Amino acid sequence: MNRPIRNIAIAALVLFMALLVNVNYVQFVQADSLNAKTGNKRVINEEFSRDRGPILVSGKPIAESVKSKDEYKFQRRYPDGKLYAPITGYFSYIFGNDRGIENTENGVLSGSDNRLFVNRVVDLVSNKQPKGGSVELTIDPLAQKTAASGLEALGEDTKGAVAAIDPQTGAILAMVTQPSYNPNRLASHDFSEVQKAWEQLTTSPNRPMSNRAAQEVLPPGSTFKLVTAAAALENLDMDPSDKVKGGRSLSFPGTSFKLPNQDGGNCGGDPITLERALNVSCNVSFGSLALKIGQEKLAEQAEKFGFGTTPLTQLPSNASRFAPVDRPLERTELALSGIGQFEVAATPLQMAMVTAAVANDGNVMKPYVVKTVRSPNLSILDQAKPERISEAMSPSNAAKLRRMLISTVDVGTATSARIPGVEVGGKTGTAQSTPDRPPYAWFVAFAPADNPKVAVAVLVESTDIGRDEISGGRLAGPIARAVIEAVLGK
Amino acid sequence: MTTPAWVPRKRRGAEFFLTVLAVTIGISAYAAVGLGVEGTIPGDTYKLGFALIVVAVATHLIVRRVAPYADPVLVPLVIALNGLGLAMIYRLDLGRQQVNADRQAFANGQLVWTAIGIAAFAAILILVRDHRRLQTLTYTFGAVAILLLILPLMPGIGRTINGARIWINLGPFSFQPGEAAKVCLAIFFAGYLVVKRDALALAGRRIAGIDLPRGRDLGPILAGWLISVGILIFQRDLGSSLLFFGLFVVMLYVATERAGWLVVGAVLFVLGAYFGYLAFGHVRVRFDAWLDPFGDPDRNGQIINGLFGLAHGGVLGQGWGLGSPQLTPFSFSDFIAASMGEELGLAGLMAILMIYGLIVERGLRIALTCRDAFGKLLAAGLAFSFALQVFVVIGGVTRLIPLTGLTTPFMAQGGSSIVMNWVIIGLLLRISDQTRRPAPEISTFEHDEETQVVKR
């Protein structure tokens, strides 16, 4: 009986070889793809239990991991949760970290980034838990706080956003959204509470988790006249002193439609200078200018400022648009587009970029919010480098537009942004969307004129204040001014 | 005058040395669990260490006393596995109770069962001084096997857990009689086949190139097997059905030395598996889960989690107490191999597989060297069924083959499994002792001629 016993011994050997080969296949060959599967709790747990690196603003953490006593070892904390939530995003066991810097800089924060490979090896050898690196933001904490309290002061139900950038670099100095949310609730280790918070946040009609400053596209109203004015300077070879059409309204042959001015006035005559048209935000002038410039050139000018793209890659953002329709616009539509109505829609960030480009000799800088990325031992892994996206207009035309915006603050509709001793340029906007809802109040501004440090766009989407009283100058202007003052240290 | 040409050495010293190594592995594993989970060496390491040492020394002394020529490697291998299993069960107790403090702890119970298993092992060695005496009870064992298999179906004592009705309640204990039935059945097969092997091999008709035995020769054994497998199907115990079938076919093959039986067995297996797939929903579920576990992550959570655990362990493992094996359902019993793979890594799991492989190798070596046909057949059957069991359960957990419910010998939590596996080791040691013992010296008289009464 020895022969069959030898044979079954071979059979047993084959069985064990199959087992050995298979465990090698699963634990070595397949391991990475299995670890990457969604719903792999071990990987989530591991990441959730790690000492995740902080997100810093001016050296102070706005997101940090502190030791916790439960099974996850670390608790993610957001000291100024609501204020920075649109930027930080959240770090949640159940819902991951699919928003904000927590998402885009996850590799560094979690310590799994390739640049941290050496650190990981050292940790492995010294049997230490891997640690994440830190991310320093470009945000100016005072500007951020000022912008947020400005929106809050308009009432609890106010929806709005502020975006402020450094015109010369593109660094984002403030990015505020109201209403916002508390990311601490999503980072909690009490998962039923997290679930509850999530349902509340995602079903709220106010969409508190949307970063309105970079994601909300709404008609920019008269602030878009900066684009129209730039196009006029660039394409029609105009000067601020050149005459444009003024008067009470712009009529269109063959239709009964008339484009009036915001307050029904006559802009102080007909014709008026381009500068005056901008000072008083004359709809008639810019409507007729749009017709002169033409759809193609106007759209081109908007694109040069960044419309149609999402240059901010570190946060979720939406592209602003000039006209989504791929057809020649009717004359009425084109005129309305020229004053930032019809289908024109922009994010506060986009309008801040337009303003910044005017302040920065026509150069559009790529907006960014991450200043420095450091390893756990604080050596610098990455440092932001300002990058020019395009030249929206010539430096001389930019200078002309700048002068007109400064006079708009000095003597025009944007007086609410006046700061003693500082040359501020600005423009208001009050945009209609539908007749049944109050208009959007906008304000864009930059300062100082000779060496621009900040460009800001403020949007008040809706508020408790009566609709007749809503205007960009009144609601949004003071916030813009306060943000500028905060940045300039006034 | 005639001295045996070769007297095997007892090698009890080597066994002792290996036992010390095995106990060290167990105690270190236990201490590492404490370090990994709680940051300190648990206070009862000494308690468990002491218990493990007592158990190992007792085992060693018993073998020394009643089976001095037995294989010296088997017991240390088993103690190593048993120690690793105990440490992992303790580790999983801690992990599971971290989530919910009310969860039942299994480690102490497992230690008690280990002690009972070693007592059963000792009892086998002491009571069965010669394994050939088991052959006289061939049919008794056959009947007992069937009786054991019927027990769980009896109302009152039978219990259904997770869809399989294979447990019985005996007071505070629950027991899986199928484990004991396996051993009884192996003895029955061996005893019967030894007697009938010539008839099975030679008498009969030749059909399609295969010599089929006469019905009256094959009948009883076929009946015994059919009843067993029938009951198991009734109890929804896939793994054991497969194991018993494999045991039957292989022992038939070894006894008759006819490879045709393997062909017949393979054909029957394929037919049976196909029928099972068509007829039973739970077979289909297992099969589909094997082909594409991620197609239905909710239903296949266990196998997916097992794979995640293995992947998480990677090549070197997370370390004792540092992985998350408790996330896998039944990580302490059916899926303990995945738990080992997670915390000890590919390296550790391969080492464990090697230990299993060595146990099988020693078992088959005993079968090869055994001088009597019954012992040979029994040892071969036990060793191969052990190999098959390890293959089916670890292959199932690591998604080499569809998952069937079987216990991982010596490691998985569960009393019946650990006791009966110790019994199997007892039987193998007994056969091995018999085999390696020098033949009793035949005294030869000087005046042999003269004492002859009858002249040839």
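Structural data are supplied above this passage.
From a predicted model like this one, the values you see are computed outputs, not experimental measurements.

Engineer: Got a minute to help me understand the interface of chain A and chain B in this structure?
Structural biologist: The extent of an interface is frequently quoted as the accessible surface area lost upon association of the parts. The partner chain B presents 50 residues to the 33 residues of chain A that form the contact. Across the interface of chain A and chain B, roughly 3,700 Å² is buried in total on both sides, 72% from carbon and sulfur atoms. Interface area lost by chain A to chain B is led by A:Met1, A:Gln27 and A:Arg42, which between them contribute 25%. At the surface where chain A touches chain B, the tally comes to one salt bridge. With a closest N to O distance of 2.9 Å, B:Glu342 and A:Arg42 form a salt bridge. Remark: the boundary between chain A and chain B carries 12 residue pairs in polar contact (both at pLDDT 80 or more). Among the elements of the structure, α1 (2–29), α2 (31–35) and α3 (41–48) of chain A are those that each provide at least two residues to the side of chain A that touches chain B. With 21 residues, the top contributor of residues to the side of chain A that touches chain B is α1(A). The residue makeup of the side of chain A that touches chain B, split by class, is 17 nonpolar, 10 polar and six charged.

Engineer: Would you mind showing me how to read the sheet that holds strand β13 (residues 380–383) of chain A here?
Structural biologist: The strands making up a sheet associate through backbone hydrogen bonding, with each pair oriented either parallel or antiparallel. Residues and elements named next belong to chain A. With mixed pairing, the six strands of this open sheet are ordered in space as β3-β2-β1-β4-β12-β13. Two strands lie at the open edges of the sheet, namely β3 (74–77) and β13, each paired on one side alone. With direction set aside, neighbouring strand axes in the sheet form an average angle of 25°. Bridge analysis of strand β2 (residues 60–67) against β3 gives four bridges, and the strand direction is antiparallel. Within the sheet, the bridge partner assigned to glutamate 64 lies in β3 and is arginine 77. Contacting β1 (55–57), β2 and β4 (134–137), helix α4 (residues 81–88) crosses the sheet at an angle of about 95° to β2.

Engineer: What should I look at first to understand the side chain of B:Thr138 in this one?
Structural biologist: Residue and element names in this part refer to chain B. With respect to the secondary-structure elements, threonine 138 resides in helix α5 (residues 138–150). For threonine 138, a relative accessible area of 6% corresponds to the buried category. Of note is the side chain of threonine 138, whose polar atom sits 2.5 Å from the backbone oxygen of glutamine 135.

Engineer: Got a minute to help me understand the state of the cysteines in this structure?
Structural biologist: Each disulfide is one covalent bond, formed between the sulfur atoms of two cysteines. This structure, assessed with the given rule, holds one disulfide over all chains. Residue pairing for A:Cys267: its cysteine sulfur links by disulfide to A:Cys282, the two sulfurs lying 2.0 Å apart. On the sign convention where negative means left-handed, the S-S torsion of about 90° between A:Cys267 and A:Cys282 marks this disulfide as right-handed. Of the two residues, A:Cys267 sits in the loop between β9 (258–260) and β10 (272–273) while A:Cys282 sits in the loop between α13 (274–279) and α14 (283–293), which places them 15 residues apart along the sequence. Both residues of the pair, A:Cys267 and A:Cys282, count as buried. Free cysteine: B:Cys370, not disulfide-bonded; nearest cysteine sulfur from B:Cys184 at 20 Å.

Engineer: Could you clarify how one ought to interpret the packing of aromatic side chains in this entry?
Structural biologist: Geometry of an aromatic ring pair is reported as the spacing of the ring centres plus the angle between the planes. Per the counting criterion, the structure on display carries 22 aromatic pairs over all chains. Taken together, the aromatic side chains of B:Phe121, B:Tyr356, B:Phe386, B:Phe410 and B:Trp422 make up a single cluster linked through ring pairs. For A:Lys37, the ring lying beneath its charged end belongs to B:Phe294, and the centroid distance is 4.2 Å. Between the NZ or CZ atom of A:Arg52 and the centre of the ring of A:Phe91, over which it lies, the distance is 4.1 Å.

Engineer: Could you clarify how one ought to interpret the pairing of strand β16 (residues 440–447) of chain A in this entry?
Structural biologist: On a regular strand, each side chain points to the face opposite its neighbour's, so the side chains alternate between the two faces of the sheet. Residues and elements named next belong to chain A. Within β16, eight of the eight residues are buried, which leaves it mostly tucked inside the rest of the structure. Burial along β16 is two-sided: the face carrying Tyr440, Trp442, Val444 and Phe446 and the face carrying Ala441, Phe443, Ala445 and Ala447 are both buried. In this structure, β16 lies alongside strand β17 (residues 454–462), joined through seven bridges in antiparallel fashion. Bridging from a neighbouring strand, phenylalanine 446 pairs with alanine 455 of β17. Remark: six residues form the turn of the hairpin made by β16 and β17, two consecutive strands paired antiparallel.

Engineer: Would you explain unusual backbone geometry in this entry?
Structural biologist: Peptide bonds are trans in most cases, and residues, glycine excluded, mostly fall at negative phi. Residues and elements named next belong to chain A. Put simply, glutamine 178 and proline 179 share a cis peptide bond, and its omega is -5°. Inspection of the secondary structure assignment puts proline 179 in the loop between β6 (172–178) and α9 (183–187). Here the residue pair alanine 447 and proline 448 is connected by a cis peptide bond, since its omega of -20° sits within 30 degrees of zero. Of note in this structure, leucine 378 is not a glycine but carries a positive phi near 75°. The class for leucine 378 is exposed, based on a relative accessible area of 56%.

Engineer: I tried to follow the pattern of salt bridges on my own but got confused; where do I start?
Structural biologist: Side chains bearing opposite charge may pair, as long as their charged atoms lie close to each other. All told, the structure shown has 24 salt bridges over all chains when counted by the stated rule. We note a salt bridge from A:Arg327 to A:Glu333, for which the minimum N-O separation is 3.0 Å. For A:Glu333, a relative accessible area of 14% corresponds to the buried category. When the shortest N-O distance is used, the salt bridge between B:Arg96 and B:Asp93 registers 3.1 Å. With B:Arg96 and B:Asp93 both in helix α3 (residues 74–99) and three residues apart, the pair spans about one turn of that helix. You can call B:Asp93 buried: its relative accessible area is 3%. Look at the salt bridges and you will find they share partners, linking A:Arg207, A:Arg212, A:Glu216 and A:Glu461 into a network.

Engineer: Can you walk me through the environment of A:Phe286 in this structure?
Structural biologist: Residue and element names in this part refer to chain A. With respect to the secondary-structure elements, phenylalanine 286 resides in helix α14. Phenylalanine 286 sits 42 residues away from valine 244 along the chain, and the two C-alpha atoms are 8.5 Å apart. Contact partners of phenylalanine 286, with chain neighbours within four places excluded, come to Lys225, Thr228, Ala229, Leu274, Ala277, Leu278, Gly338 and Ile339.

Thresholds applied
- Residues numbered from 1 in each chain as written.
- Chains lettered and ligands numbered in written order.
- Predicted model: local features only at pLDDT ≥ 70, side-chain atom pairs only at ≥ 80, totals over all residues.
- Heavy atoms only, no water.
- Contact = heavy atoms within 4.5 Å.
- Buried area = accessible area lost by both parts, 1.4 Å probe.
- Salt bridge = Lys/Arg side-chain N within 4 Å of Asp/Glu carboxyl O.
- Polar contact = N/O pair within 3.5 Å; in protein donor to acceptor, adjacent residues only side chain to side chain.
- Helix = DSSP H or I, 4+ residues; strand = E, 2+ residues; numbered from the N terminus.
- Nonpolar A, V, L, I, M, F, W, Y, C, P; charged D, E, K, R; others polar.
- Pairing = 2+ DSSP bridges.
- Axes fitted to C-alpha atoms, helices over the stretch in contact; angles between N-to-C directions.
- Buried < 20%, exposed > 50% of the residue type's maximum accessible area, 1.4 Å probe, protein only.
- Disulfide = S-S within 2.5 Å.
- Phe/Tyr/Trp six-rings, centres within 6.5 Å; stacked < 30°, edge-to-face > 60°.
- Lys NZ or Arg CZ within 6 Å of the ring centre and 35° of its normal.

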